[in-house]
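Spelled out, the chains give:
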Amino acid sequence: MIRRAVLLLLASLLLCAGTGQAQAAGYRYWSFWERDGGHWVYATQGPSLARPSDGDVQGFRFAVSEDSADATRPRGKADFATICAKTPARDGRKRVALVIDFGTPSDAPGGETPPAARTACARVSPDATTAEALAAVAKPLRYDTDALLCAISGYPEKGCGEQVSQKRQERKPAVDKSSPSDDGPSLGLVAGVAVVVVLGGAAIWQVRRRG
């Protein structure tokens, strides 16, 4: 009876060691943002539906994220006045400031290098959508069959919202082999398992001795 309990406890500890290595999955895609004062807010509509007003600032960021709550914001604090300083107003047109952040090398698809982030001022018709404003200054755009934005200015060349492992996106520093790491069970766990085995063996020996 004691031996069975010890084995069950040992199996439970080893199972915990394995499940600790699980990594959350993310998706590689272009997220869409709206500038609200000094902050980026995740857009509630897609760029093909959103119709910004004259003077609005819109942003796009390419990154690996689990969902909208985890999405990475565009970098930079340029405002409308700065981005559209060289694009004068014109009657019958509106100006939309765009921030396009191509992300970091760690988020890039294999074999591709992200271009430098940039800004652009799109001068478009008053009823133009964000997608139309983007097309005016950042071609070529690429969409999938479900109208999901896949590429801005041709980046990335391939892929569209594919699922990837978050663990592969992490750049870990060199680890001292003499210290615990995330690549296996911790020393504390191994020591704990060893203690359980020793105590279990002792308990079984005592039972046999008394028998």
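Residues numbered from 1 in each chain as written. Predicted model: local features only at pLDDT ≥ 70, side-chain atom pairs only at ≥ 80, totals over all residues. Heavy atoms only, no water.

(A) Up close: the layout of surface pockets. Volume-wise, the largest pocket comes out at about 220 Å³. Considering every element that reaches the lining of the largest pocket, the biggest residue donor is strand β1 (residues 25-36), with four residues. A breakdown of the residues in the lining of the largest pocket according to their chemical character gives 10 nonpolar, four polar and no charged. (1 Å grid on protein atoms, 1.4 Å probe; cavity = no way out; pocket = protein on both sides within 12 Å on 5 of 7 lines; lining within 4 Å. Points joined across faces, edges and corners; volume = space filled by probe spheres on them. Helix = DSSP H or I, 4+ residues; strand = E, 2+ residues; numbered from the N terminus. Nonpolar A, V, L, I, M, F, W, Y, C, P; charged D, E, K, R; others polar.)

(B) A look at the packing of aromatic side chains. In total, this model carries six aromatic pairs according to the counting rule given. Considering the side-chain rings of Trp30 and Phe102, the 5.5 Å spacing of their centres and the 80° angle between planes classify their relative orientation as edge-to-face. Placement of the pair is Trp30 in strand β1 and Phe102 in the loop between β4 (94-101) and β5 (118-124), with a sequence separation of 72 residues. Neither Trp30 nor Phe102 differs from the other in exposure class; each is buried. Ring centres 5.4 Å apart and planes at 75° place the aromatic pair Phe62 and Tyr155 in the edge-to-face group. You can see Phe62 sitting in strand β3 (residues 57-65) and its partner Tyr155 sitting in the loop between β7 (149-151) and β8 (163-165), a full 93 residues away along the chain. An aromatic cluster is defined as three or more aromatic residues linked by ring pairs; in this entry it consists of Trp30, Phe62, Phe102 and Tyr155. (Phe/Tyr/Trp six-rings, centres within 6.5 Å; stacked < 30°, edge-to-face > 60°. Buried < 20%, exposed > 50% of the residue type's maximum accessible area, 1.4 Å probe, protein only.)

(C) Structural detail: the environment of Val137. Inspection of the secondary structure assignment puts Val137 in helix α3 (residues 130-137). Residues Val137 and Ala122 lie 15 residues apart in sequence; the distance between their C-alpha atoms is 6.1 Å. Once you skip the residues sitting within four places of it in the chain, Val137 turns out to touch Leu98, Arg118, Ala120, Cys121 and Ala122. (Contact = heavy atoms within 4.5 Å.)

(D) A look at the environment of Tyr143. You can see Tyr143 is positioned in strand β6 (residues 142-143). Note on Tyr143: relative accessible area 36%, which makes it partly exposed. Apart from the residues lying within four places of it in its own chain, the contact partners of Tyr143 are Ala131, Leu148, Leu149 and Cys150.

(E) Expanded view of α3. By the burial criterion, the buried members of α3 are Thr130, Ala131, Ala133 and Leu134. An end-on view of α3 places all buried positions within 160° of arc, on one side of the element. Residues of α3 that are buried make contact with β1, β3, β4, β5, β6 and β7. (Arc of directions from axis to C-beta.)

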